[in-house]
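Secondary and tertiary structure notes
Listed below, chain by chain, are the residues.
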Amino acid sequence: GKNMNSAQSQPQKNKSKKKPIQTGDGVTHINIWILGKTELGKMLAHFYHMPFKHPRLGPFNSMEGLWHYVKTEEKDDTLRALSGIKAKDYGKKLTRRHVKDFHAIINAANFYKIEQNPRLVQLMVESDLPFEFYYLFGPDNIKITPPGYTWLVDGFEEIRRMLKEGRRPADEDIDYTPLLDKKA
């Protein structure tokens, strides 16, 4: 027994040769990702659980839930309570549709989420590193930047400028009509 106990009290060396990931997240940029290195990047991620009220569409627990609520025909209220992969997986089972002004709707919703969370407003206003959107894949942490989301990154840059300058989104320019016509 004595030798085993002394062996157990020794700190275990990490046998994995995995190198720490050096992407520059938090140093040269802020990655908007639930597993990002910065508090701001994680909180901006659509998977992040952060309840907010959209002035036209009502309450949601995450942007991921709102995204699928907007993007699907059913307007399923279950999405209001979901966040993370649960919101994504649930949304994938619903009927996708084209939504006019989708980018504007999502960018405005991101603004409302941020505006209603003082810590997030503070982090946004205090930050100046450019935003990026990518994830790391597999044992070698391959950096993957999903195509077609520059509008989202640009949206966060614009939201930060708006917060610093005390401006708000021009919500009256967005057509919410198709989203408000709930099927009976």
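Data block above holds the structure.
Residues numbered from 1 in each chain as written. Predicted model: local features only at pLDDT ≥ 70, side-chain atom pairs only at ≥ 80, totals over all residues. Heavy atoms only, no water.

Considering helix α4 (residues 84-92)
Taken residue by residue, α4 has Gly84, Ala87 and Gly91 as its buried positions. Looking straight down α4, one finds that the buried residues subtend no more than 60° of arc, so they occupy a single side. Of the residues in α4, the exposed ones pointing more than 90 degrees away from the buried face are Lys86 and Lys92. The elements touched by buried residues of α4 are α3 (63-71). (Buried < 20%, exposed > 50% of the residue type's maximum accessible area, 1.4 Å probe, protein only. Helix = DSSP H or I, 4+ residues; strand = E, 2+ residues; numbered from the N terminus. Arc of directions from axis to C-beta. Contact = heavy atoms within 4.5 Å.)

Digging into the packing of α3 against α4
Each pair of packed helices can be summarised by the angle the axes make with each other and by the distance between the axes. In the contact formed by α3 and α4, the axes pass within 8 Å of each other and the chain directions differ by 10°. Relative to α4, the element α3 lies roughly parallel. Listed contacts from α4 to Glu64, Gly65 and His68 of α3 are Gly84, Ala87, Lys88, Gly91 and Lys92. Taken together, the residues that form the contact of α3 with α4 break down as one nonpolar, four polar and three charged. (Axes fitted to C-alpha atoms, helices over the stretch in contact; angles between N-to-C directions. Parallel < 35°, antiparallel > 145°, perpendicular 65-115°, else oblique. Nonpolar A, V, L, I, M, F, W, Y, C, P; charged D, E, K, R; others polar.)

So, helix α7 (residues 150-165)
Spanning 16 residues, α7 covers 22 Å between terminal C-alpha atoms, matching the ideal 22 Å at 1.5 Å per step. Along α7, the residues that are buried comprise Trp151, Leu152, Val153, Gly155, Phe156, Glu157, Ile159, Arg160, Met162 and Leu163. In this structure, the buried side of α7 is in contact with β1 (30-31), α2 (39-44), α3, α5 (102-115), α6 (118-126) and β4 (131-132). (Expected span 1.5 Å × (residues − 1).)

Observations concerning the nonpolar core
Counting residues in hydrophobic clusters, the biggest one holds 39 residues, and the most contacted among them are Leu44, Leu66 and Phe131. Going through the elements one at a time, α2, α3, α5, α6 and α7 are the ones with two or more residues in this core. Tallying contributions element by element places α5 first for this core, with eight residues. Excluding residues that lie within four positions of it along the chain, Phe131 makes contacts with Ile30, Ile32, Leu40, Leu44, Met124, Val153, Phe156, Glu157 and Arg160. (Core = buried A, V, L, I, M, F, W, Y, C linked by side-chain atoms within 4.5 Å.)

Examining the pattern of salt bridges
Across all of its chains, the model carries ten salt bridges by this definition. Put simply, Arg80 and Asp77 hold a salt bridge, and the shortest N to O gap is 2.8 Å. With a closest N to O distance of 2.0 Å, Glu115 and Arg168 form a salt bridge. Highlighted residues: Glu115 in helix α5 and Arg168 in the loop between α7 and α8 (177-180), separated in sequence by 53 residues. Residue class for Glu115 comes out partly exposed when judged on its relative accessible area of 32%. (Salt bridge = Lys/Arg side-chain N within 4 Å of Asp/Glu carboxyl O.)

A few points about a nonpolar patch on the surface
Residues Tyr135, Phe137 and Ile142 make up a contiguous nonpolar surface patch of about 300 Å² in total accessible area. Inspection of the secondary structure puts Tyr135 in strand β5 (residues 135-137). Among the residues examined, Tyr135 registers a relative accessible area of 32% and is labelled partly exposed. (Patch = residues over 30% accessible without salt bridge, like charges linked within 9 Å, V, L, I, M, F, W, Y side chains within 5 Å. Areas by Shrake-Rupley, 256 points an atom, 1.4 Å probe, with all protein chains shown as cover.)

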